[in-house]
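Each chain is listed here by its residues.
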Amino acid sequence: QKGSKGDACVNGTKGDKGDWGAEGSPGLNGQPGAKGEKGEMGEKGYCGDSGERGGKGQKGKEGMKGEKGNRGDNGMEGKRGPDGLPGAKGDPGVKGAKGELGPPGLLGPVGPKVTRSAFSAALSKPFPPPNNPIKFDKILYNDQGNYSPVTGKFNCSIPGAYVFSYHITVRGHPAQISLVAWNKKLFKSRETLYGQEIDQASLLVILKLSAGDQVWLEVSKDWNGVYVSPEDDSIFTGFLLYPEEPPGI
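Residues numbered from 1 in each chain as written. Predicted model: local features only at pLDDT ≥ 70, side-chain atom pairs only at ≥ 80, totals over all residues. Heavy atoms only, no water.

J.: Explain the nonpolar core to me, please; I cannot follow it from the model alone.
T.: A general trend in soluble globular proteins is that nonpolar side chains are found buried together. In terms of nonpolar packing, the biggest core is built from 30 residues, with Phe136, Phe154, Tyr162, Phe164, Leu209 and Phe236 touching the most fellow members. Of all the secondary-structure elements, those providing two or more residues to this core are β1 (118-122), β5 (160-171), β6 (175-181), β8 (198-209), β9 (214-219) and β11 (235-243). In terms of residue count, the dominant contributor to this core is β5 (five residues). Tyr162 has contacts with Ser117, Phe154, Cys156, Val205, Ile206, Leu207, Leu209, Phe239, Leu240 and Leu241, leaving out every residue within four places of it along the chain. (Core = buried A, V, L, I, M, F, W, Y, C linked by side-chain atoms within 4.5 Å. Buried < 20%, exposed > 50% of the residue type's maximum accessible area, 1.4 Å probe, protein only. Helix = DSSP H or I, 4+ residues; strand = E, 2+ residues; numbered from the N terminus. Contact = heavy atoms within 4.5 Å.)

Listed below in structure tokens is the structure:
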């Protein structure tokens, strides 16, 4: 603390310097001083040594989805994988439209030979000779030539089952007509009439023949009313029903 002021003197001598007083209390803070000038930049320091590698950090949060990239070049074709299992059967599809007619196909091979044997012949004159083959000399069909109008006999060339039939007009006399095979009168039909009456005799039968067998018709003596005219016919017919099968079939 500042000492008390001494008594004034007039033209006195300067007194001795007094002792320092006790330290006073701190004064109030003064106003901030003005900003000092920027100091000069010091020299650049040396680079320090690398620190130790830190540990693995925690996984960060998933980032936002990026924009779609440009399409890359086509890759090389891969090898074919193994075939898969068959799929389930699908439903039937809708029926398609009818296609156009295709070109004609190639000519197929020649089929097996068809065996044929048939004839049909009519009588041209009435009352043929009895006990002899009746010669039906008016040929209606005989392409294979198995029937002879000269002898009146059918000659079998193909073994098998045959159908024979006749339709005979009878007039003026009774008639007895026989179908002959193997030189035997196998089947007979008879018509008994007199005067100018007209009737018909007919027959149909199936026979199994071998090659070389012959079949014909005969009329009996005193029973020869076999008749023909422009209005009435007498016809003898025969044909192969089916050939005999070769052995082993």
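Right, picking up where we left off after that structure.
J.: I'm lost on the side chain of Asp213 in this one. Help?
T.: With respect to the helices and strands, Asp213 occurs in the loop between β8 and β9. Buried charge without a partner: Asp213 forms no salt bridge, and the closest opposite charge is Lys208, 10 Å away. Reaching out from Asp213, the side chain makes a polar contact with the backbone nitrogen of Ser210 at a distance of 2.8 Å. Setting aside residues up to four positions removed in sequence, Asp213 forms contacts with Phe154, Asn155, Cys156 and Trp182. (Lys, Arg positive; Asp, Glu negative; His and termini not counted. Salt bridge = Lys/Arg side-chain N within 4 Å of Asp/Glu carboxyl O. Polar contact = N/O pair within 3.5 Å; in protein donor to acceptor, adjacent residues only side chain to side chain.)

J.: I keep staring at the pairing of β6 and nothing clicks. Help me out?
T.: Each regular strand carries side chains that alternate between the two faces of the sheet. Among the seven residues in β6, seven count as buried, and that is most of the element. A two-sided burial pattern is seen for β6, the buried positions comprising Ala175, Ile177, Leu179 and Ala181 on one face and Gln176, Ser178 and Val180 on the other. As paired elements, β6 and β9 share five bridges and run antiparallel to each other. In the strand pairing of β9, Val180 is matched with Trp216. (Pairing = 2+ DSSP bridges.)

J.: Can you help me understand the pattern of salt bridges in this one?
T.: Working definition: two side chains of opposite charge can pair if their charged atoms are close together. The full count for this structure, using the stated rule, is two salt bridges. The shortest N-O distance in the salt bridge between Glu218 and Lys185 comes to 3.9 Å. Note that Glu218 is positioned in strand β9 and Lys185 in strand β7 (residues 184-191), a separation of 33 residues in sequence. On the basis of relative accessibility, which here comes to 11%, the residue Glu218 falls in the buried class. Take Lys185: its relative accessible area is 37%, and that puts it in the partly exposed class.

J.: Mind showing me how you'd approach the sheet that holds β9 here?
T.: Backbone hydrogen bonds are what pair the strands of a sheet, in a parallel or an antiparallel way. An order of β3-β4-β9-β6-β7 is seen for the five strands of this open sheet, with the pairing classed as antiparallel. The open sheet has two edge strands, β3 (147-148) and β7, and neither has a second partner. Bridge count between strand β4 (residues 153-155) and β9: two bridges; the pairing is antiparallel. Paired with Asn155 across the bridge in β9 is Gln214.

J.: Is there a simple way to think about the packing of aromatic side chains in this case?
T.: Here a ring pair, both rings aromatic, is described through the centre-centre distance and the interplanar angle of the planes. This structure, assessed with the given rule, holds 10 aromatic pairs. Arranged with centres 6.1 Å apart and planes meeting at 50°, the rings of Phe127 and Tyr227 form a pair that is tilted. Of this pair, Phe127 sits in the loop between β1 and β2 (138-141) while Tyr227 sits in strand β10 (residues 226-227), placing them 100 residues apart in sequence. Relative accessible area serves as the criterion here: at 38%, Phe127 is assigned to the partly exposed category. Here the aromatic rings of Phe136 and Phe236 are separated by 5.6 Å at their centres, their planes lie at 45°, and the arrangement is tilted. Remark: Phe236 occurs in strand β11 and Phe136 occurs in the loop between β1 and β2; sequence separation between them is 100 residues. No difference in accessibility class separates Phe136 from Phe236, as the two residues are buried. Joined through ring pairs, the aromatic side chains of Phe119, Phe136, Tyr147, Phe154, Tyr162, Phe164 and Phe236 make up one cluster. (Phe/Tyr/Trp six-rings, centres within 6.5 Å; stacked < 30°, edge-to-face > 60°.)

J.: Can you walk me through unusual backbone geometry in this structure?
T.: A negative phi angle is the norm for most residues apart from glycine, just as the trans form is the norm for most peptide bonds. One non-glycine residue, Phe127, adopts positive backbone phi at about 50°. The phi torsion at Asn183 lies on the positive side, around 60°, for a residue other than glycine. Looking at the element boundaries, Asn183 is found in the loop between β6 and β7. What makes Asn183 exposed here is its relative accessible area of 68%.

Just distances and angles here, no functional claims.
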